[in-house]
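Survey of secondary and tertiary structure
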Amino acid sequence: MLAGFPPIPYGPFHDRIPPPMTASANSREDSAHTLEGSAPPSERRWMFVCLGLLAIILLYSVWAVRRLTASAKLAPTPTVDHGPLPEAVRNQVLALVEPHLENAKLEELHMGKVREFRITGKPKELLAQEFYAAFRPLVVTRLMPLLRPYGEIISFEITALDLPPARLRDIPKDS
């Protein structure tokens, strides 16, 4: 006995449940899990519920990844013509932009293999909301498809408004 600690009382079950250090080899075999024994129905039910939830999560993640990767691809486009922009295309772009911008100009910038079209001007509408409501659909539906065969980026320098540049096609990699 240790000094200062009360003695462990011997109860009616002391001889029935041996302490872990004195357990016999036979008692270890009886308590070991075996594959032959079947699990209780409640454990099997929870196992099937968890496997079902795991299958649903995996199927949803596969569907989400496939959908995200399919929507991220740009439409395939023909090769880029880095020659001079045809006058008909330039006039058509300026005709589309002039109802919305005063002193509208279309500039071509060459930065290595990347060609950028920059549209500059001052908005005719006084409120930015009115300008954006009319100009953004024009850019997406008319200007971008018109300039896509000739360059990679379209950007804007519009007085008192900040429009972000838009990518027309993939930028070529240096080889």
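Right above here is the structure, for reference.
Model, not experiment: these values are computed from the prediction. (Residues numbered from 1 in each chain as written. Predicted model: local features only at pLDDT ≥ 70, side-chain atom pairs only at ≥ 80, totals over all residues. Heavy atoms only, no water.)

**Looking at the sheet that holds strand E1 (residues 101-111)**
The condition is simple: At least two bridges found by DSSP between two strands is the condition for calling them paired. Put simply, DSSP H or I for four residues or longer makes a helix, DSSP E for two residues or longer makes a strand, and each gets a number counted from the N terminus. In this analysis, two residues are considered to be in contact whenever any of their non-hydrogen atoms come within 4.5 Å of each other. A fitted line through C-alpha atoms serves as each axis, taken over the contacting stretch for helices, and the angle formed by two N-to-C directions is quoted from 0 to 180°.
If you trace the four strands from one edge of the open sheet to the other, you get E1-E2-E3-E4, paired in mixed fashion. With partners counted over all chains shown, the strands left at the sheet margins are E1 and strand E4 (166-167), one partner each. Here E1 pairs with strand E2 (residues 114-123) via nine bridges, running antiparallel. Counterpart to His110 in the pairing with E2 is Arg115. Sheet contacts for helix H3 (residues 87-97): E1 and E2; angle to E1, the most-contacted strand, approximately 140°.

**Some details on the pattern of salt bridges**
Applied cut-off: One side-chain nitrogen of Lys or Arg within 4 Å of one carboxyl oxygen of Asp or Glu is enough to make a salt bridge. Relative accessibility under 20% of the residue-type maximum defines a buried residue, over 50% an exposed one, and the middle range a partly exposed one, all with a 1.4 Å probe and only protein chains included.
Inspection of the entire model under this criterion finds five salt bridges. Here Arg115 makes a salt bridge to Glu108, at a shortest N to O gap of 2.4 Å. Taking the relative accessible area as the measure of exposure, Arg115 reaches 0% and is therefore buried. Taking the shortest distance from any N to any O, the salt bridge between Arg118 and Glu116 comes out at 3.2 Å.

**Observations concerning the pairing of E2**
Rule in force here: With strands facing away from the observer, any crossover in which the path from the first strand over the helix to the second runs clockwise is taken as right-handed.
Most of E2 is tucked away: eight of the ten residues are buried. Relative to strand E3 (residues 153-158), E2 runs parallel, the two being bridged by six bridges. In the sheet register, Arg118 faces E3, and the bridge partner there is Ser155. Following the backbone out of E2, through helix H4 (residues 128-147) and into the adjacent parallel E3, one traces a crossover that is right-handed.

**Focus on the environment of Ser155**
What counts, and what does not: Pairs of N or O atoms are called polar contacts if they sit within 3.5 Å, as long as, within protein, a hydrogen donor faces a hydrogen acceptor (for residues adjacent in sequence, only side-chain-to-side-chain pairs).
The topology assignment puts Ser155 in strand E3. For Ser155, a relative accessible area of 7% puts it in the buried group. With 35 residues separating them in the primary sequence, Ser155 and Thr120 have C-alpha atoms 8.7 Å apart. Among the polar contacts listed, one links the side chain of Ser155 to the side chain of Arg118, at a separation of 3.4 Å.

**Concerning the packing of H3 against H4**
Where we set the bar: Here the angle decides the label: under 35 degrees means roughly parallel, over 145 means roughly antiparallel, 65 to 115 means roughly perpendicular, and every other value means oblique. The nonpolar class holds Ala, Val, Leu, Ile, Met, Phe, Trp, Tyr, Cys and Pro. Asp, Glu, Lys and Arg form the charged class, and all remaining residues, Gly among them, are polar.
One way to put it is that H3 packs onto H4 with a least axis distance of 11 Å and a crossing angle of 175°. Classed by the angle they form, the pair H3 and H4 counts as roughly antiparallel. Across the interface between the two elements, Val89, Gln92, Val93, Leu96 and Val97 of H3 pack against Phe135, Leu138, Arg142, Leu143, Leu146 and Leu147 of H4. Of the residues assigned to the contact of H3 with H4, the class counts are nine nonpolar, one polar and one charged.

**Observations regarding H3**
Short version of the rule: Throughout, the arc means the angular range of directions from the helix axis out to the C-beta atoms.
Along H3, the positions that sit buried rather than exposed are Val89, Arg90, Val93, Leu94, Leu96 and Val97. Seen from one end, H3 has its buried residues packed into an arc of 160°, which puts them on one side.

**Describing the nonpolar core**
For clarity, the cut-off: The set of buried Ala, Val, Leu, Ile, Met, Phe, Trp, Tyr and Cys residues whose side-chain atoms join them within 4.5 Å is what this entry labels a nonpolar core.
Core analysis: the biggest nonpolar cluster contains 27 residues, and Val93, Ile119 and Phe135 have the highest contact counts within it. Mapped onto this core, the elements with two or more residues apiece are H3, E1, E2, H4 and E3. Considering each element in turn, this core owes the most residues, nine residues, to H4. What Val93 contacts, discounting residues up to four positions off in sequence, is Leu106, Ile119, Leu143, Leu146 and Leu147.

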